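Listed below, chain by chain, are the residues.
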Amino acid sequence: MTDRFRGSWLERLLTNPLGLAGTVILLVAAAQVALGPALAPYDPLEFHPRNRLEGPSLAFWFGTDQFGRDVFSRVMVGARSTILFGVVATVLSTAAGSLVGIVSGYVGGRIDDVIMRATDSFMAIPNLLLAMLIITVLGPSTTNAVLAVAVSFTPSMARIARSVTLSVRTRDFVHAAVARGEGAAYIVLREILPNVVAPVVIESSIRIAFAIMIGATLSFLGLGAQPPASDWGLMVSEARSFMFRNPWLVVWPSLAIGSVAIGFNLFGDGLRDALNPRVGR
Amino acid sequence: MRPAYLLKRVGFIAVILLVVSFIVFAITQILPGNAAQMILGEFALPEQLRALERQFGLDDPWFVQYGRWLAGLVSGDWGTSMVMRQPVLPLVLDALGRSLVLAAIALAAVTCIAIPMGVLAASRRGKAADAGISIVSYAGVSFPEFVTATLLLVFLTRPEVGLFPAGGYTPPGEDFLRYLSHLVLPALTLIIILMAHISRQTRSEMVDALQHDYVRTATLKGLPRRTVLVKHALRNAMLPTITVIALDVGYLIGGIIVVEEVFAYPGLGRLLVFAMQNRDLPLIQAGVLVMAATYATANLAADLLYAALDRRIQYD
Amino acid sequence: MTPGAGANAGAGAGAGAPADGGLAVRGLSVGYRTPRGLAQVLHGVDLDIPPGTAVGLVGESGSGKSTLAYSIVRYLADNARVLGGTVTLDGEDLLAASGPRLQAIRGSVIGMVYQDPSAALNPTLRLGEQLTEGIRRHEALDRRQAARRGAELLDRVRLPDPESIMRRFPHEGSGGEKQRVLIAMAFACRPRLLVFDEPTTALDATTAAGILDLIRGLQEETGAAVLYITHDLGNVARVARRVNVIYAGRVVEEGRVDDVLRRPRHPYTRILMASVPNPYRESGRESGRESGRRRLTTFAGLPPNLLSPPAGCIFVDRCPFVEERCRTEPVRLPGGTGHRAACLRSGEIAGSPLPAPVEAGAVNEPAGDQPLLEANGLEVRYGRQSLIEQVLRVPPEPVHALTDADLVIGRGETVGLVGESGCGKSTLARALVGLASFRGTIRMGGRQIRGPADMADDYRRAVQIVFQHPDLSLNPRMTVGQIVGRPLRLYGRLSGREREERVSALLEEVRLPANYARRRPHELSGGEKQRVAIARAFAPRPELVICDEITSGLDVSVQASILNLLADLQDELGTAYLFISHDLNLVQHFADRIVVMYLGRVVERRTMAGGAIAPPFHPYTEALLSAVPVPEPGLEARQIRLEGPLPSPKRPPAGCCFSTRCPRRLGPVCDGEPPPLVEAGAGHRLACHISPADLAAVEPIWRRIESEGTETA
């Protein structure tokens, strides 16, 4: 091990068993996202009419669905849309929320008051509900669902970015810059922003799991991915009519969603603890 | 706590609900088509459409419509559901009552189980009990409600198991036991995810509280470990936990929407999903507003509880 | 006693060390497991506290003094290991005590008082409950009896109206009141041993002085054994009879306080004492800024690495008297009850003076008659109405942080600004550098400034500030080079190459290696970080540097080297300082003129040109001066203690701001009328209704009492 690694946040992340487990799960998930269709033995949309609603077998590892499609292939291919959904929605909301939050926290005064009352109001509508409302306007589709989740996450990200900005802003190195006569652009970009990024990124890494779960829920409700897409939430929804005849149809995508969410949760918490060693594990 | 503080908080919520009503109104205004079109269908003649629009006041400027809707809300006239052709208010209130029962059961159960679990985990930090609770919690928070609900359905309502009804609702006056049996699985689903979340939160606040100097003072006063944990650490750890529980009510509302849908439980969530699928504007507006009001009330209650427990804040 | 400890303790026991009764620590060694190995923080420490005796334990941060204290009550971090030794109290082995026995001992047989009273009290429980819960636990008393006992205890720690105090929550009391409650708690069950862990460090000087009086009084009254831990030798002189000096986990010197303070024998103790100005000695000093007057003695080098300590004497790397044998021969504290030092050469070096601090060549004399900066009638108020308050028309209640403050700073001179927390000294600094909007005017270089917007670049370049906490004042995401180089970039037009060279030169000026430019703040020690902040302030060659409590968070030895650095820079560059501190002792040593503030107002301004600070004093200055702990045996300070809380700056008193707590209050005139600023001598003004002549007619603060010298150990 090199000296750079020893004592670094990466070492703390990987020596914490939960953080290590999360990292491993995410690496597996990342491989699924990257390779996707290459891991699937069959075309996920291909019908095998003779093998409908079969249990797991050597030919079909996870069994087949009501059209005789290979569930293993569908789960492998579905990783991409489900995971990317969470990541993209979180990245969008983090970017938008940080911008609003940093401006609000730095400018302060009446502008801050108004922005904060607005975020309070948006946050009074629960995330899922707000996302559903937005999709009702935009129409159900994966893209619209990503946008809806991103919008519904933005106010709380803005709150976090603002509170970090406020705490950084009152530190003496910012006072020193103001006293030197630095301009606002320098102070925001060079003094404040680098100190806001790390806590905001940690916070958003913890949210990815939640975004994935909401995305899957929207697909389940018919507001996200549309048939015949291989999407985990949609697969659970479609399998419900056949769940007593072939319970595996529900189990596989459920496990897939749960394990990826566990991975992101473990990784996010591990990252937070590794970057703030004082917070208890 | 001074009355002025209470007044201020209530006023604050009124303002937020006003803004929420505006957001909801604005979103529903963007929706393509309007009530007149919904009623007359796709092939309505333009003259008919305009006549009906005039009748509903849909040709007025948006702020007039908004004002009229708001005035209706305050006076108890919440409009008429376009699809069900019934007044919205009683529909919403009935459904809300059934949802609140579910939410109350879930919250009560969670609070009683999750907080002691979190305290236990924090006090045995790094030991087997902590690891066990931690693993269960991670699993609990990582399965969305629809997954948990569907898995419960698959394994507990199979014809050969048949422990619980797969869904639906029976009024309590009709058959109370059956009423209860319909509540079990939806409540259980909500409990699993919330319990995991709140116990993790309690644990992390407890770990934080245990590192404070006042815990050292209490220990070196010769107090037993249990007193130090409960009277000194938990008392402080509860403050942030209360806020989190209130925020979880928002989560719970989302969960209720899903759970009611999966178990065909006729609550506000299901009503709202129905309204959205059918673009029933008055119903959507009322449902969202009621949910936001519920959430805001939960947060107000948390704020007041916090204020009662934490004397440091000056509530004036 | 364990066999392992016998070797160490044998000599002591043979010489008649008290074997029974009181606290006896024998050969205690404690280490912490770290990712990089075992860090041993205590090495075979012996410590005796007979019943009825107060013993001081003096050391700097990292010396192991707190580990020793918490070893006694077995409250150590999870990664701590007791590697050897015993701790006994009245013959009972504390390290072997069972869990239930330990609970019975804590809070009843052993009481503790902590550094930060605000953190040590539970914010969600009433003070009465926190005070009595231990009593109810240890003694079979019901709630009412315990409450009565609690009230008695609060009375004994001289808190007025105990019943009302018991009903309060911690945040409703001042720091001093909270510390008194904690002291009452520690004394509650008539303990046989009391451990005080820096009980005055977090308190203001005048509050701390009262707490020290109380501790000494209660100790004499109850006859408990007391272990008093502090970093300040002056405090020890006030409360303890014997003192242990601890360095890097070893007791390096032990003896009666008188002996140790009068003739310290270990080089560490000698340098430690010389690194703090002695106000009593200063009171006899000559006037003027002659060479060497302002330099303090400092340590060379760094404390030893606890993971791999040196084989011989622990102090070799920093000792001015080091010899070859010091590096190889084991060094132990000799046994006995006399004055002992763990130094091979303590006998032979007793007479040799410590090396004098290095002097700068040129000395710039201050030119106080040429004003550099003049501030008139500065006023700062804080407080903004929230949106809702504005809608509801709640009247604003601003904090009067600074009221009608005048200040003149001459070219190249040092103006000391002194006062306790909440006096407005930092607010004044913030106004001067444009961080707070103010009313009134600042004049500099022929220009009038009426607010932060008037501060042009040349003003901002000429007036720089250094903050108290270097952790907060250096951006953790930047390198030292970027931090120090930024002002050069902002105010100057240097090429990248020239700037790098300037940064190296500036680092050298503050005695840091040039390669520190590539480091980040978290890789530096507290003192080093403060040097970086000083280098940044000096980068644009300012005419005035405002030093806002810049040594408060630092150990005294680091403080001394920072002060020397400031003196060097001033001698070399002729920069003026506004030196802000809560420590009157430091200010009167360092400054050419001093300004005393209280509750947002200037109460006294005086020049130090005439030598030491002498009467007439403003009554507040007098109280501050009497609160300064002096490491001087046989010296008694006149006790001037302030009663009551600091008034709220939202509602300052109508008359004299000090009238509510003034020990020399005349009567209604003080409450009703603001006092005039009267001339009390050349360059000396004070705001008091009492005439300067009356104020001058006071006894001296310090008095020698020689009879104390005959006490027995």
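Residues numbered from 1 in each chain as written. Chains lettered and ligands numbered in written order. Predicted model: local features only at pLDDT ≥ 70, side-chain atom pairs only at ≥ 80, totals over all residues.

Colleague: Give a detailed account of the sheet that holds strand β7 (residues 193–197) of chain C, specifying residues and quantitative values.
Modeller: Residues and elements named next belong to chain C. In spatial order, the strands read β6-β7-β8-β3-β9-β10-β11; together these seven strands make up an open sheet with mixed pairing. The sheet is open, and its two borders are formed by β6 (110–113) and β11 (340–341), each paired with just one other strand. Two strands pair when backbone bridges link them, and β6 and β7 are joined in this way by four bridges, in the parallel orientation. Bridge assignment links M112 to a residue of β7, and that residue is V195. (Pairing = 2+ DSSP bridges. Helix = DSSP H or I, 4+ residues; strand = E, 2+ residues; numbered from the N terminus.)

Colleague: Hey, could you go over the packing of helix α6 (residues 142–169) of chain A against helix α8 (residues 184–220) of chain A for me, with residue numbers and the actual values?
Modeller: A pair of packed helices is captured by two measures, namely the crossing angle of their axes and the spacing between those axes. Residue and element names in this part refer to chain A. Running from amino to carboxyl end, α6 crosses α8 at an angle of 155°, the nearest separation of the two axes being 9 Å. Put simply, α6 runs roughly antiparallel to α8. For the pair α6 and α8, the crossing hand works out as right-handed. Packed against α6, whose contacting residues are A145, V149, F153, M157, I160, A161, V164, T165, V168 and R169, the element α8 presents I192, N195, V196, P199, V200, E203, S204, R207, A211, I214, G215 and L218 at the interface. Per-class residue counts for the contact of α6 with α8 are 15 nonpolar, four polar and three charged. (Axes fitted to C-alpha atoms, helices over the stretch in contact; angles between N-to-C directions. Parallel < 35°, antiparallel > 145°, perpendicular 65-115°, else oblique. Left-handed = near helix turned anticlockwise from the far one by under 90°. Contact = placed C-beta atoms within 7 Å. Nonpolar A, V, L, I, M, F, W, Y, C, P; charged D, E, K, R; others polar.)

Colleague: Would you mind going over helix α7 (residues 145–156) of chain B in detail, with residue names and values included?
Modeller: Given a rise of 1.5 Å per residue, twelve residues ought to cover 16 Å, and the 16 Å separating the end C-alpha atoms of α7(B) matches this to within 8%. The buried fraction of α7(B) amounts to ten of the twelve residues, a majority that puts the element mostly inside the structure. When we look at burial in α7(B), the residues that qualify are B:E145, B:F146, B:V147, B:T148, B:A149, B:T150, B:L151, B:L152, B:L153 and B:V154. The elements touched by buried residues of α7(B) are α8, α9 (232–239) and α10 (248–275) of chain A together with α8 (176–210) and α10 (225–262) of chain B. (Expected span 1.5 Å × (residues − 1). Buried ≥ 20, exposed ≤ 12 C-beta atoms within 10 Å, placed from the backbone.)

Colleague: Give a detailed account of the interface of chain B and chain C, specifying residues and quantitative values.
Modeller: At the junction of the two partners, chain B supplies 20 residues and chain C supplies 23 residues. Sorting the residues of the side of chain B that touches chain C by element identifies α9 (213–220) and α10 of chain B as the ones contributing at least two each. At seven residues, the largest contribution of residues to the side of chain B that touches chain C is made by α9(B). Looking at side-chain class alone, the side of chain B that touches chain C contains six nonpolar, six polar and eight charged residues.

Colleague: Quick one: what's the story with helix α9 (residues 205–222) of chain C, residue by residue and with numbers?
Modeller: All names here are of chain C. Here α9 spans 26 Å end to end across 18 residues, near enough to the 26 Å set by a 1.5 Å rise per residue. Taken together, the buried positions of α9 are occupied by A205, T207, A208, A209, G210, I211, L212, L214, I215 and Q219. The inward-facing, buried residues of α9 contact β3 (54–58), α8 (175–187), β7, β8 (225–230), α10 (233–239) and α24 (619–627). Directly after α9, the chain includes G223, whose backbone phi takes a positive value near 70°.

Colleague: I'd like a rundown of the nonpolar core, residues and numbers included.
Modeller: A:I212, C:L227, C:Y228 and C:L578 are the most contacted members of the largest nonpolar core, which totals 371 residues. Top element by residues in this core is α10(B). It accounts for 17 residues. Apart from the residues within four sequence positions on either side, C:L578 is in contact with C:I409, C:V415, C:L417, C:A429, C:L544, C:I546 and C:C547. (Core = buried A, V, L, I, M, F, W, Y, C linked by C-beta atoms within 7 Å.)

Colleague: Lay out the environment of C:R263 in plain terms, naming residues and giving numbers.
Modeller: Relative to the helices and strands, C:R263 resides in the loop between α11 (257–262) and α12 (267–274). The spacing of C:R263 and C:A350 is 87 residues in sequence and 8.1 Å in space, taken between C-alpha atoms.

Colleague: Run through the packing of α7(B) against α8(B), naming residues and quoting values.
Modeller: All names here are of chain B. Two numbers describe how α7 lies on α8: the axes approach to 9 Å, and their chain directions differ by 135°. Between α7 and α8, the angle is such that the two are oblique. Judged by the sense of rotation from one axis to the other, the crossing of α7 with α8 is right-handed. Across from E145, T148, A149, L152 and L156 in α7, the residues of α8 making contact are L185, L188, T189, I192 and I193. Within the contact of α7 with α8, the residues separate by chemical class into seven nonpolar, two polar and one charged.

Colleague: Summarise the interface of chain B and chain A; cite the residues concerned and give the values.
Modeller: Counting residues at the interface gives 40 residues for chain B, matched by 33 residues for chain A. For the side of chain B that touches chain A, the elements supplying multiple residues, two or more each, are α1 (3–30), α6 (128–142), α7, α8, α10, α11 (268–277) and α12 (281–309) of chain B. In terms of residue class, the side of chain B that touches chain A is built from 31 nonpolar, six polar and three charged.

Colleague: Summarise the sheet that holds strand β1 (residues 23–34) of chain C; cite the residues concerned and give the values.
Modeller: Residues and elements named next belong to chain C. If you walk across this open sheet you meet the four strands as β2-β1-β4-β5, and the pairing is antiparallel. If you trace the sheet from one side to the other, it starts and ends with β2 (37–49) and β5 (92–93), each paired once. Sheet topology places β1 next to β2; nine bridges connect them, and they run antiparallel. Bridge pairing in β2 places R33 opposite L38. Sheet contacts for helix α2 (residues 65–72): β1, β2 and β4 (80–89); angle to β2, the most-contacted strand, approximately 70°.

Colleague: Tell me about the environment of C:I246, and name the residues and values.
Modeller: Residues and elements named next belong to chain C. Relative to the elements of secondary structure, I246 occurs in strand β9 (residues 242–247). On the basis of neighbour counts, which here come to 24 C-beta atoms within 10 Å, the residue I246 falls in the buried class. On a C-alpha basis, the gap between I246 and V58 in space is 6.0 Å, while along the polypeptide they are 188 residues apart. Residue contacts for I246: discarding those within four places in its chain leaves L57, V58, G59, S63, G64, K65, V251 and V252.

Colleague: Hey, could you go over the environment of C:I534 for me, with residue numbers and the actual values?
Modeller: Residues and elements named next belong to chain C. Examined against the element boundaries, I534 turns out to sit in helix α21 (residues 526–538). Judged by C-beta crowding, with 25 C-beta atoms within 10 Å, I534 ranks as buried. Each C-alpha atom of the pair I534 and D671 lies 43 Å from the other, and the pair is 137 residues apart in sequence. Leave out the neighbours within four places in its chain, and I534 touches V466, V510 and L565.

Colleague: Describe in detail the pairing of strand β20 (residues 593–598) of chain C, supporting the description with residues and values.
Modeller: Residues and elements named next belong to chain C. Extensive coverage of β20 is indicated by the burial of six of its six residues. In this sheet, β20 lies alongside strand β14 (residues 414–418) in parallel orientation, the contact comprising four bridges. Within the sheet, the bridge partner assigned to V418 lies in β20 and is V596. Relative to strand β21 (residues 601–607), β20 is paired through six bridges, and the arrangement is antiparallel. Note that in β21 the partner of R593 across the bridge is T607.

Colleague: Before we move on, could you go through unusual backbone geometry and cite the residues and values that matter?
Modeller: In terms of backbone geometry, most residues other than glycine have negative phi values and most peptide bonds are trans. Geometrically, the link from A:P227 to A:P228 is a cis peptide bond, its omega value of 5° lying close to zero. Within the element layout of this structure, A:P228 appears in the loop between α8 and α9. For the bond from C:P615 to C:P616, the omega torsion is 0°, close enough to zero to count as cis. Position of C:P616 relative to the elements: it lies in the loop between β21 and α24. At B:R279, a residue that is not glycine, the phi angle is positive and equals roughly 50°. When you line up the elements, B:R279 lands in the loop between α11 and α12. Classification of B:R279 as buried rests on a count of 20 C-beta atoms within 10 Å. Its identity as a non-glycine residue notwithstanding, C:D404 has a phi of 50°, on the positive side. Among the secondary structure elements, C:D404 is positioned in strand β13 (residues 399–411).

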